[in-house]
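Observations on the model geometry
Read off the chains here:
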Amino acid sequence: MPRLMTAPHPLLVALNDAQRAAVSAPLAPTLVLAGAGSGKTRVLTHRAAWLIEEQGVAPQGLLAVTFTNKAASEMRGRIESLLHMPSGALWIGTFHGIAHRLLRRHWRESGLPQHFQILDDDDQQRLVRKLLKEQNLDEQRWVPREVQGFINREKDEGRRPKHLQDRGDPTRRELIRLYDLYQRRCDQLGVVDFAELLLRSYEVIRDQPQLADFYRHRFRHVLVDEFQDTNSVQYDWIKLVCGKSGTPFVVGDDDQSIYRWRGARVENMQHFRRDFGATVFKLEQNYRSTGVILGAANEVIRRNEDRLGKELWTEAAGGEPIRLYAAFNERDEADFVIERIREHARSGRPLAAAAVLYRSNAQSRSFEEALMAARIPYRVYGGLRFFERAEIKDALAYLRLTQNRSDDVSFERVVNLPTRGIGQSTLDRLRETARAGGTSLWNAAQALLPVLPARAATALNGFIGLIDRLASGIGGLELHEQVRRVIEDSGLREHHAKEKDTRGEARVENLDELVNAAEGFTPEVEDELPLLASFLAHATLESGETQAAEGRDCVQLMTLHSAKGLEFPTVFMVGMEEGLFPSERSVFDPEKLPEERRLCYVGITRAMQRLYLSHAESRRIYGRTEYRAPSRFLAELPAALVEEVRPRLSVSRPLYDPSTRHGGPRRHTAGPEVATAVAPARRQAAKGEELPIRLGARVRHPKFGEGVVLRYEGNGDTQQVQVNFENAGQKWLMYAYAKLEAV
Ligand code: ATP
Ligand code: MG
């Protein structure tokens, strides 16, 4: 103690006073509430080290929960370097990772088979689809994604079918019935989806007093990062594991809550304060961004209501202005980004210091293409998930079957891949027999073999024999050899090698990369599973978080959501358009819009020194060309902090000017403060794609009255325009017949 009075403890040296106070706070429930880049994650990491070194807490008494596996491994690294020792005994992971670990340890108590498999999003949807088919339900009416969403939402809230009432609503009744059927099927197959991992691990601790006692005793110190994005089950899970005597230490920022759509409850921050009587610490100094960037972020988020309210300041006053680029289309936007990345690299900065952030995964493609063409290495986080690629999932399905023959999802996936003459009718019979006998497809196949027509029986028998041979053949091999053998002997490699196009090549490369992944795989500590089983679990859990070769310096591409908690010297926020960001569904939804704004705040605050924003006038996305107005968030930025990037090309012919047709002056503005540049020469290139009336213009319609032009779709005679009418609401009209007049 006296040491604290005089010079700070060595662990506390690199912290400011507020951070220091939080790190060395008494062992009691604590909430650190602070804005972006104020050192919350730093405080959490130091707290872990502080507990171990100063409070004598055994590393295994700590449980640290982060949001991504990447963040977890970073935290482990940071704690190790603070403590100068390996932190193997420490439990650090995501909620899902930790729940998975608990279920592996307590599979029996959880009512699961020892080698249960994890269903990822895609597998889950497949299973739902299969059930719908079995129930003869029309997919148009019962959209698989929506049924899946219903099931996951209920699980995230901790509800089983028996807790749900249909309230006299037949649709709801059917959804509840499907949830029930789905869960029974999962239990029968021994598979666990992501939401189930959490709910099940919660239930097993709740229902087994000796387990609750054990973990409460063990994990006195639960640390949670990004607490604002916990959902109900996660919060209940924390309450359960901490019990009355635990001292949870959680950090978060209500302004960065961006997963409401996945069940996150920002209210948990207030509940935590109340339920645990937590002491609250606030941090106000931002260490990440320049004054300009922070000023812009503060100004945007200020427009949200119901904030807990925090101030953020930085010593790094000033800084480069935020650069805003109005691109002609998505290719022009990508070219702009590439050019700036080249500039960035020329000045000697690593490529990894630049990140391109977008609202939806589909947007990565145009940047990937441009980067590839420019031969600039890049990595996509999220989007093109390595472990989600079809060929990888095929290989994993073979591997899974060698472990668990009753894995129907895997069975269906590869029974006829590469094609081996197992036709639809054989498959239907298999499914029918499995359903009637309440058994797996594998068992059904054995039963059917003697009665199938000779040709079908031979084909099916070939598959069964193959799996059995693979299973016995790989025993005793090293993990990566097992993977290699399965890829070869299953015929997958050859199948893709035969494909003529470059996609086949890429698939073979991916399969080879899977062997590499297996070679570099080290299982989680304390994991007593066979190596292959833990590799398969890892593949499911970890999908998406790493991609291209690790360790190579490359540009980072990711969605705004997956950028949470990260920071980059140079950030590009692209696709800043109404209907894209904010997303289509949130534009007119007062509930969803604030979350989009928080997402914008998250994006801006990832930037340390340089921030580029861009939008495109026309964009090909989801297979159509769309014209969208610049994002409202651009208009919310203080004009003084923004510099428009003027096109370098000069005008080579007069601008197409809609004012000649409609009388309004051509002003292309994002809002009152921000005038966006129009690239004239590029407009010329777009002949035929020009807009009759600019986006955002006020128009009058003979019947619907006055409104604002939101977007266009299509060209020529079939061009449609969407207008938001003051009295009549939003309408899509055929432009050629709409008789719109600019006001
Ligand atoms: P986010 O809300 O985005 O998750 P955060 O609050 O978790 O941000 P950190 O990532 O912990 O913030 O810190 C932001 C940056 O500021 C990091 O680079 C961190 O190392 C640095 N930093 C934090 N506190 C200090 C400090 N006292 N001295 C120097 N650098 C600091
Ligand atoms: Mg953080």
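Residues numbered from 1 in each chain as written. Chains lettered and ligands numbered in written order. Predicted model: local features only at pLDDT ≥ 70, side-chain atom pairs only at ≥ 80, totals over all residues. Heavy atoms only, no water.

Scanning the chain for helices and strands turns up 29 helices and 24 strands. Put simply, the chain has 743 residues, and 56% of those count as buried. Put simply, 74% of the contacts in the chain that link residues at least 6 apart link residues at least 24 apart. Accessible area of the chain: about 32100 Å², with a carbon and sulfur share of 49%. (Helix = DSSP H or I, 4+ residues; strand = E, 2+ residues; numbered from the N terminus. Buried < 20%, exposed > 50% of the residue type's maximum accessible area, 1.4 Å probe, protein only. Contact = heavy atoms within 4.5 Å. Areas by Shrake-Rupley, 256 points an atom, 1.4 Å probe, with all protein chains shown as cover.)

With 5 of its 5 residues buried, strand β2 (residues 62-66) lies for the most part within the structure. The alternating pattern of β2 places Leu62, Ala64 and Thr66 and Leu63 and Val65 on opposite faces, both of which are buried. In terms of strand pairing, β2 meets strand β6 (residues 221-224) through 4 bridges, oriented parallel. Note that in β6 the partner of Leu62 across the bridge is His221. Two elements, β2 and strand β3 (residues 91-94), share 4 bridges in a ladder whose sense is parallel. What sits directly across from Leu63, in β3, is Trp91. For the segment spanning β2, helix α4 (residues 69-83) and β3, crossover handedness is right-handed. (Pairing = 2+ DSSP bridges. Right-handed = clockwise from strand over helix to strand, strands pointing away.)

A word on the packing of aromatic side chains. Taken as a whole and judged by the stated rule, the model has 18 aromatic pairs. Ring geometry for Phe95 versus Trp237: centroids 6.1 Å apart, planes at 90°, classification edge-to-face. Of the two residues, Phe95 sits in helix α5 (residues 95-105) while Trp237 sits in helix α11 (residues 232-242), which places them 142 residues apart along the sequence. Both residues of the pair, Phe95 and Trp237, count as buried. Note on Phe411 and Phe463: the rings are 5.4 Å apart at their centroids and 90° apart in plane angle, and the pair reads as edge-to-face. Here Phe411, found in helix α17 (residues 408-414), pairs with Phe463, found in helix α20 (residues 454-474); they are 52 residues apart in sequence, far enough to count as distant. Across the pair, Phe463 and Phe411 agree in class, each one buried. Here the aromatic residues Trp91, Phe214, Tyr215 and Phe219 are joined through ring pairs into a cluster of three or more. In this arrangement the basic side chain of Arg405 is found over the ring face of Trp442, its NZ or CZ atom lying 5.4 Å from the centre. Here the basic side chain of Lys564 rests over the ring of Phe67, its NZ or CZ set 3.6 Å away from the ring centre. (Phe/Tyr/Trp six-rings, centres within 6.5 Å; stacked < 30°, edge-to-face > 60°. Lys NZ or Arg CZ within 6 Å of the ring centre and 35° of its normal.)

Turning our attention to the site of ligand 1. Around ligand 1, a shell composed of 19 residues is seen, among which Lys40, Thr41, Gln256, Glu567 and Arg606 lie nearest. Between ligand 1 and the protein, one listed contact pairs an oxygen atom with a backbone N or O atom of Gly37 at 2.9 Å. Lys40 places a polar side-chain atom, nitrogen or oxygen, 2.6 Å from an oxygen atom of ligand 1. The protein chains hide 84% of the 640 Å² of surface that ligand 1 would expose on its own. Sorting elements by how many residues they give to the shell around ligand 1 places helix α3 (residues 40-53) first, with 3 residues. (Near = heavy atom within 4 Å. Polar contact = N/O pair within 3.5 Å; in protein donor to acceptor, adjacent residues only side chain to side chain.)

Looking now at the sheet that holds β6. If you trace the 6 strands from one edge of the open sheet to the other, you get β3-β2-β6-β7-β1-β8, paired in parallel fashion. Of all strands in the sheet, those with a lone pairing partner are β3 and β8 (279-283), marking the two edges. Averaged over neighbouring strand pairs, the angle between their axes works out to 15° when direction is ignored. Summarising the sheet, β6 and strand β7 (residues 249-252) pair through 2 bridges and their orientation is parallel. (Axes fitted to C-alpha atoms, helices over the stretch in contact; angles between N-to-C directions.)

Once that is clear, we can look at the side chain of Asp254. The topology assignment puts Asp254 in the loop between β7 and α12 (268-276). A relative accessible area of 7% means that Asp254 is categorised as buried. If sequence neighbours within four positions are ignored, Asp254 has contacts with Leu33, Gln228, Val266, Met269, Arg307, Leu308, Gly309, Lys310 and Arg598.

Right, let's get into the pattern of salt bridges. If charged atoms from side chains of opposite charge come close, those side chains can pair. Tallying each qualifying case throughout the model produces 56 salt bridges. The salt bridge partner of Asp180 is Arg184, with a shortest N-O separation of 3.1 Å. Of this pair, Asp180 and Arg184 both sit in helix α8 (residues 170-189), separated by 4 residues, roughly a single helical turn. A residue is classified by how much of its surface remains accessible, and Asp180, at 27% relative accessible area, is partly exposed. (Salt bridge = Lys/Arg side-chain N within 4 Å of Asp/Glu carboxyl O.)

Okay, helix α14 (residues 330-346) next. The end-to-end C-alpha distance of α14, which contains 17 residues, comes to 24 Å, matching closely the 24 Å that a straight helix rising 1.5 Å per residue would cover. Listing the buried residues of α14 in full gives Glu330, Asp332, Glu333, Ala334, Phe336, Val337, Ile338, Arg340, Ile341 and His344. N-cap assignment for α14: the residue whose side-chain oxygen lies 3.0 Å from the backbone N of Arg331 is Asn329. Remark: Gly348 follows α14 within two positions and exhibits a positive phi of approximately 90°. (Expected span 1.5 Å × (residues − 1).)

With that settled, the discussion passes to the packing of helix α18 (residues 424-437) against helix α19 (residues 441-448). Between α18 and α19, whose axes approach to 8 Å, the crossing angle comes to 105°. One way to sum up the angle between α18 and α19 is to call them roughly perpendicular. In this structure, α18 contributes Arg429, Leu430, Arg431, Thr433 and Ala434 to the contact, and α19 contributes Leu441, Ala444, Ala445 and Leu448. (Parallel < 35°, antiparallel > 145°, perpendicular 65-115°, else oblique.)

Here the focus is empty space enclosed by the protein. If you walk through the whole model with that rule in mind, you get 7 cavities of 30 Å³ or more. If you add up the space inside the second largest cavity, you get close to 60 Å³. Lining the second largest cavity are Arg104, His115, Phe116, Gln117, Ile118, Gln403, Ala533, Leu536 and Ala537. Elements with a contribution of two residues or more to the lining of the second largest cavity: β4 (117-119) and α24 (531-542). With 3 residues, α24 is the largest single contributor of residues to the lining of the second largest cavity. For the lining of the second largest cavity, the class distribution of residues is 5 nonpolar, 3 polar and 1 charged. (1 Å grid on protein atoms, 1.4 Å probe; cavity = no way out; pocket = protein on both sides within 12 Å on 5 of 7 lines; lining within 4 Å. Points joined across faces, edges and corners; volume = space filled by probe spheres on them. Nonpolar A, V, L, I, M, F, W, Y, C, P; charged D, E, K, R; others polar.)

The next thing to look at is helix α6 (residues 121-134). Its 14 residues place the ends of α6 20 Å apart at the C-alpha level, agreeing with the 20 Å of an ideal helix rising 1.5 Å per residue. Three or more residues of α6 are buried, namely Asp123, Gln124, Gln125, Leu127, Val128, Lys130, Leu131, Leu132 and Glu134. Of the residues that open α6, the one with a side-chain oxygen 2.9 Å from the backbone nitrogen of Asp123 is Asp120. Asn136 sits one or two residues past α6 and shows a positive phi near 55°.

In this section: the sheet that holds strand β13 (residues 378-380). One open sheet holds the 7 strands; their spatial order is β13-β14-β12-β15-β16-β11-β19, and the pairing between them is parallel. Both edges of this open sheet fall to β13 and β19 (642-644), since each of them pairs with a single strand only. In this sheet, adjacent strand axes meet at a mean angle of 25° when their direction is disregarded. One ladder, built from 5 bridges, connects strand β15 (residues 568-573) with strand β16 (residues 607-616); its direction is parallel.

Within the element layout of this structure, Asp169 appears in the loop between α7 (144-156) and α8. Relative accessible area serves as the criterion here: at 32%, Asp169 is assigned to the partly exposed category.

Looking at the element boundaries, Phe704 is found in the loop between β20 (698-701) and β21 (705-713). With a relative accessible area of 18%, Phe704 lands in the buried category. Distance in space between the C-alpha atoms of Phe704 and Asn727 is 7.2 Å, their sequence separation being 23 residues. For Phe704, the residues in contact, after removing those within four places along its chain, are Phe725, Ala728, Lys731 and Leu733.

Any functional reading would require information that these geometric values do not contain.
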